[in-house]
Amino acid sequence: MTQLVRVHNVAVSSDGYAAGEGQSLERPFGSVDPMDLMGWAVGTASWPGRSEPGGSRGLDDHLVREFHRDIGAEIMGRNKFSPHRGPWADEEWQGWWGDEPPFHTPVFVMTHHPRPSFSLGDTTFHFVGGDPASVLAWALEAADGKDVRLGGGADTVRQFLDAGLIDTLHVAVAPIEIGGGSRLWTSPDDLLDRYHRDVVPSPSGVVHHLFWRD
């Protein structure tokens, strides 16, 4: 079977931003409250970080579960992994996810500044340079026949879109405006020259845009 490149649970504002300006250690999403973008997912029964029983079922929960289905590797941009810029001054930093990251696969972090790989639980982070096609080739090999998830952020997703390398894309549009930062698109209609799309409103207040190509 053909391995797919999939994007899951990327959340953007109504004006197309996946994060605000001024990312820092304390504010991974910059100037925006992450719950304004990701509250729909955090509130589901299947959210990986849930520490207590409960949570919503339905469409939002189904889409959160899809995050892990048949995924063998992830690719992410450096800014999803870390707020730091330039050469790695502190290799003690191992991401925002603690000792058990939610990925459970090899993760390829795209960066111009390599550092040694390391493992946390059953997730191994590799720091790689190269263009999207080269990084994808490594991830597909590591995925061992399963699909590759492109985790973000928006700039990384945009690079892969521009290179024609994404097969399916799920974006949740939240009813807020950010006005500046890391932008995925001007309008979701921007992708209709390349993808089919379903638009599904959720009771949580977000609108899910599901893109796929033949």
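Before going into details, it helps to say that this report is about the structure given with it. Keep in mind it's a predicted model, so treat the numbers as computed, not measured.

1. Some thoughts on the overall build of the protein chain
Counting its regular elements, the protein chain contains five helices and eleven strands. Taken against the 2.2 N^0.38 rule, which gives 17 Å for 214 residues, the C-alpha radius of gyration of the protein chain at 16 Å falls within 12% of a compact globule. Each of the three principal axes of the protein chain carries a C-alpha extent, and together these read 45 × 40 × 35 Å. For the protein chain, with 214 residues in total, the buried portion stands at 45%.

2. Things to note about the pairing of strand E4 (residues 106-110)
E4 sits mainly inside the fold: four of its five residues count as buried. Of the pairings in the sheet, the one linking strand E3 (residues 71-77) to E4 comprises four bridges and is parallel in character. Residue pairing in the sheet places glycine 77 in a bridge with methionine 110 of E4. In the sheet, E4 pairs with strand E6 (residues 123-128) via five bridges, with the strands oriented parallel. Bridged to proline 106 within E6 is threonine 124.

3. Describing the pattern of salt bridges
One pass over the structure, following the stated rule, counts ten salt bridges. Taken together, the salt bridges that share partners define one network made up of Arg57, Asp61 and Arg65.

Reading the values: the criteria
- Residues numbered from 1 in each chain as written.
- Predicted model: local features only at pLDDT ≥ 70, side-chain atom pairs only at ≥ 80, totals over all residues.
- Heavy atoms only, no water.
- Helix = DSSP H or I, 4+ residues; strand = E, 2+ residues; numbered from the N terminus.
- Rg over C-alpha atoms; globule rule 2.2 N^0.38 Å.
- Buried < 20%, exposed > 50% of the residue type's maximum accessible area, 1.4 Å probe, protein only.
- Pairing = 2+ DSSP bridges.
- Salt bridge = Lys/Arg side-chain N within 4 Å of Asp/Glu carboxyl O.

Nothing here speaks to function; it is geometry throughout.
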